[in-house]
Each structure stands twice: as C-alpha cells, then as structure tokens.
Amino acid sequence: TDMIKEGYTKFIPGLILLLSLLTILEIMWTIFRTINRGIGREAIIALTKILIKFGLYFYLIKNANNIIQKIYEVFKKIGERLSNTEVAGADLNEIWSIVTLQSIKILQIMNTWDSYLTEFALNQKEFFSNFSKIALLTFILLLLYLFVGMIIANMLLAIIQFFLCLGLGFLFIPFNVNSL
C-alpha cells in the first residue's frame, strides 16, 4: 500500500492542474452564457456554485491519501465488529502464528510415530494402518499451508484492490466540475 500511496502523491499535482483547467473552462463558459443573456444575478450564483465545487474537490484531491486510509479504517472496524471472534481484526501475523501452532501439533504427533515406524515395519498390518495416518496428517499439513497461502494472497489482493479502486476514483473528480 505504500507504493500505491506514493503513486497518489505523484499524480495529485496533475489532478489539481486538470481540476483548475476544467474549472476555468466552466467559469468562462458560464460567463459567456450569462453575458449573452444579460443576467448578472444568475451568473454570480452559478460562479459561486462552481467555486464551492472547486474548493470541495480540491480538498478531496489534496487529502486523498488520508481520506482513503480513514475509509479503510472504517471498513476494518466494521469487519472486526462483525467477525464475532476472540481474535478480532486478525492480521497476517496472527493467522501465521495460528497455523504454526497447529503445524507443531501435527508434527509432534508424527514425531511420536517415527520411533515406532521400524517396529511397525515388521508387522505389516500395523505398519499400513499407521502409515496411512502419517500420510493423512502430512496431507492435512500441506492443505493447511495451502489454505493459509490462499488466505494471505486474498487478503493482500483485497487491500491492494481497495486502495487502487478508491485512488483511481479520485482521477474522475475533476471531470465532475465541468458540466459542459
């Protein structure tokens, strides 16, 4: 997200320039229309509306990073409230620690069977029943890491998509000023 925020700060001057140019065009068009009609009061009201919109959009563009971060915090708090878990607001480190703890439990079970593996090799029936348990636990361990990898990738992609979509939305703010 830091790279995305850095990108925002680089295109903010261009957006402000675009906003300014489109606002100037809108002001010129409003003045041209009102001069032809000869209505002074209507021109002042229209110009005031344009300048208020310009000020609002200028503020939004200038503070895009802070606004997007605040919106992200709101959605994160909503997710924490709706999660109904003791680990509200779980981040990647907490998920990884839970997976590591469960992996250690599985590996400890497999470690106790390792010492008896040679004894089980002599008794074919016990060997295959215990070997299938070890194979099943190994498969579960691999699935556990696969699921965690998928969760981590999806969380990362969701955060990147959130920041990119909101950031790209700020690109269209200047075009709302111009109602030509």
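Quick word on the overall build of the chain
Thought 1: Looking only at helices and strands, one finds seven helices and zero strands in the chain.
Thought 2: Across the chain, helices and strands are ordered from the amino to the carboxyl terminus as α-α-α-α-α-α-α.
Thought 3: Looking at the chain residue by residue over its 180 residues, the buried ones come to 20%.
Thought 4: A separation threshold of at least 6 residues defines the contact pool for the chain, and within that pool the share at least 24 residues apart is 83%.
Thought 5: Looking at the chain as shown, the accessible area adds up to about 12800 Å², and 70% of this sits on carbon and sulfur atoms.

Let's talk about the packing of aromatic side chains
Thought 1: According to the stated counting rule, one finds three aromatic pairs in the structure shown.
Thought 2: Seen in terms of ring centroids, W29 and F32 are 6.0 Å apart; in terms of plane orientation they differ by 35°. Their pairing is tilted. Taken together, the positions of W29 and F32, both in helix α1 (residues 2-37) and three residues apart, correspond to about one turn of that helix.
Thought 3: Look at F32 and you get partly exposed, because its relative accessible area is 47%.

Concerning the packing of α1 against helix α2 (residues 40-62)
Thought 1: For the pair α1 and α2, interaxial distance at closest approach is 10 Å and the crossing angle is 175°. As the angle between them shows, α1 and α2 are arranged roughly antiparallel. Between α1 and α2, the residues in contact are I12, L15, I16, L19, S20, T23, E26, I27, T30, I31, T34 and R37 and E42, A43, A46, L47, I50, L51, F54, Y57, F58, I61 and K62, respectively.

Rules used throughout
Residues numbered from 1 in each chain as written. Predicted model: local features only at pLDDT ≥ 70, side-chain atom pairs only at ≥ 80, totals over all residues. Heavy atoms only, no water. Helix = DSSP H or I, 4+ residues; strand = E, 2+ residues; numbered from the N terminus. Buried < 20%, exposed > 50% of the residue type's maximum accessible area, 1.4 Å probe, protein only. Contact = heavy atoms within 4.5 Å. Areas by Shrake-Rupley, 256 points an atom, 1.4 Å probe, with all protein chains shown as cover. Phe/Tyr/Trp six-rings, centres within 6.5 Å; stacked < 30°, edge-to-face > 60°. Axes fitted to C-alpha atoms, helices over the stretch in contact; angles between N-to-C directions. Parallel < 35°, antiparallel > 145°, perpendicular 65-115°, else oblique.

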